[in-house]
Amino acid sequence: MAEVYKVHPDNPQPRSIKLAIDSMKSGGLIVYPTDSGYAIGWSLDNHQALKKVALIKAVEEHQNYTMMCDSISQMTDFVLVDNVAFRLIKHHTPGPYTFILPATRRVPKKMQHQKRRTIGVRISDHNVVQSLLEELGEPMMTSSLEFPDVDMYALDIDDVVDKIGNQVDVIIDVGYCAQEPSTVVDLSEGEVTVLRKGAGEIDFV
């Protein structure tokens, strides 16, 4: 059963953050809060996580997953960012946006889009996320926490524990976390294409 750590959303306790990352480094899955709701996180080298996440979300294994980064500087080690993309990302991050960009060789092929060799990247405006990434020392893979036929706006941590407490290793509980998906913007072809309107304002098209 998952360990549940109650964490302050603005000033997360370092011990709980370290325990969560230790679990992730050992191959574990964590549930954690972001600025667009709770998400599932795992390490870059955890290839087995893809099957587990697909089972949790009741989706096919080859989905478009996202890499959570702590900064644009870290992001550019893993994706190709041209001048247009750099300016747009700099203006809109940290925040509830996912940007689709060409992946570099540092991104494991299993984590990339299987045909286009792209990857979604995010810089979240949430203190818990930043604390997790600082402790981890590298980006982490992530996918929004969602269940088929479940009203995610009404979901609380007790529901998460009941539903997937035996499928993940750590659940970070910060209380209510508004569940609104990020805005997804495809920048992989040199143009700005909005694939999904979510929490982020669209003021660049």
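Because the structure is predicted, anything quoted here is derived from the model rather than measured. (Residues numbered from 1 in each chain as written. Predicted model: local features only at pLDDT ≥ 70, side-chain atom pairs only at ≥ 80, totals over all residues. Heavy atoms only, no water.)

Here we come to the side chain of T93. Mapped onto the elements of the fold, T93 is located in the loop between helix 4 (83-92) and strand 5 (97-102). At 2.6 Å, the side chain of T93 forms a polar contact with the backbone oxygen of I89. Ignoring any residue separated from it by four or fewer positions in sequence, one finds T93 in contact with I72, F99 and I123. (Helix = DSSP H or I, 4+ residues; strand = E, 2+ residues; numbered from the N terminus. Polar contact = N/O pair within 3.5 Å; in protein donor to acceptor, adjacent residues only side chain to side chain. Contact = heavy atoms within 4.5 Å.)

All told, the structure shown has 2 aromatic pairs when counted by the stated rule. Here W42 and Y65 contribute two aromatic rings whose centre-to-centre distance is 5.4 Å and whose plane-to-plane angle is 85°, an arrangement assigned as edge-to-face. Residue W42 is found in strand 3 (residues 37-42), and its partner Y65 is found in the loop between helix 2 (49-57) and strand 4 (66-68); the two are separated by 23 residues along the sequence. For the pair W42 and Y65, one class covers both residues: buried. Ring centres 6.0 Å apart and planes at 15° place the aromatic pair Y97 and F99 in the stacked group. (Phe/Tyr/Trp six-rings, centres within 6.5 Å; stacked < 30°, edge-to-face > 60°. Buried < 20%, exposed > 50% of the residue type's maximum accessible area, 1.4 Å probe, protein only.)

Now for the side chain of H126. Examined against the element boundaries, H126 turns out to sit in the loop between strand 6 (118-122) and helix 5 (127-136). Classification of H126 as buried rests on a relative accessible area of 13%. Discounting chain neighbours no more than four positions away, the residues touching H126 are P9, P33, T34 and D35.

When you line up the elements, E134 lands in helix 5. Expressed as a C-alpha distance, the spacing of E134 and D70, which sit 64 residues apart in the sequence, is 7.6 Å.

Another point: the nonpolar core. By size, the foremost hydrophobic cluster in this structure holds 63 residues, and its most contacted members are Y32, W42, M67, L132 and I172. L132 has contacts with I17, A20, I21, I30, Y32, M140 and I172, leaving out every residue within four places of it along the chain. (Core = buried A, V, L, I, M, F, W, Y, C linked by side-chain atoms within 4.5 Å.)

Moving on to helix 6 (residues 157-164). Inspection of helix 6 places I157, V160, V161 and I164 among the buried residues, and these make up the whole buried set. Buried positions in helix 6, seen along its axis, are confined to an arc of 105° and lie on one side of it. For helix 6, exposure combined with an orientation more than 90 degrees from the buried face picks out D158 and D162. N-capping of helix 6 is provided by D156, with a side-chain oxygen placed 3.1 Å from the backbone N of D158. (Arc of directions from axis to C-beta.)

Here we take up unusual backbone geometry. A cis geometry characterises the amide bond from T93 onward to P94, with omega recorded as 0°. Within the secondary structure layout, P94 lies in the loop between helix 4 and strand 5. At A58, a position not held by glycine, the phi torsion is positive, near 55°. On the basis of relative accessibility, which here comes to 54%, the residue A58 falls in the exposed class. You will see that R117, though not glycine, has its phi angle at about 55°, which is positive. Note on placement: R117 falls in the loop between strand 5 and strand 6. For R117, a relative accessible area of 34% translates into the label partly exposed.

Applying the stated rule across the entire model yields 0 disulfides. Counting only cysteine sulfurs, C177 is the nearest neighbor of C69, a cysteine outside any disulfide, at a range of 19 Å. A relative accessible area of 11% means that C177 is categorised as buried. (Disulfide = S-S within 2.5 Å.)

Let us now look at the sheet that holds strand 8 (residues 170-173). Strand order in the open sheet made by the 10 strands is 1-8-2-3-7-4-6-5-9-10, with mixed pairing throughout. Both outer strands of the open sheet, strand 1 (3-6) and strand 10 (193-196), are each paired with one neighbouring strand and no more. Within the sheet, the average angular offset between the axes of one strand and its neighbour, ignoring direction, is 35°. As defined by bridge partners, strand 1 adjoins strand 8 across 4 bridges and the pair is classed as parallel. Opposite K6, over in strand 8, you have D173 as the bridge partner. (Pairing = 2+ DSSP bridges. Axes fitted to C-alpha atoms, helices over the stretch in contact; angles between N-to-C directions.)

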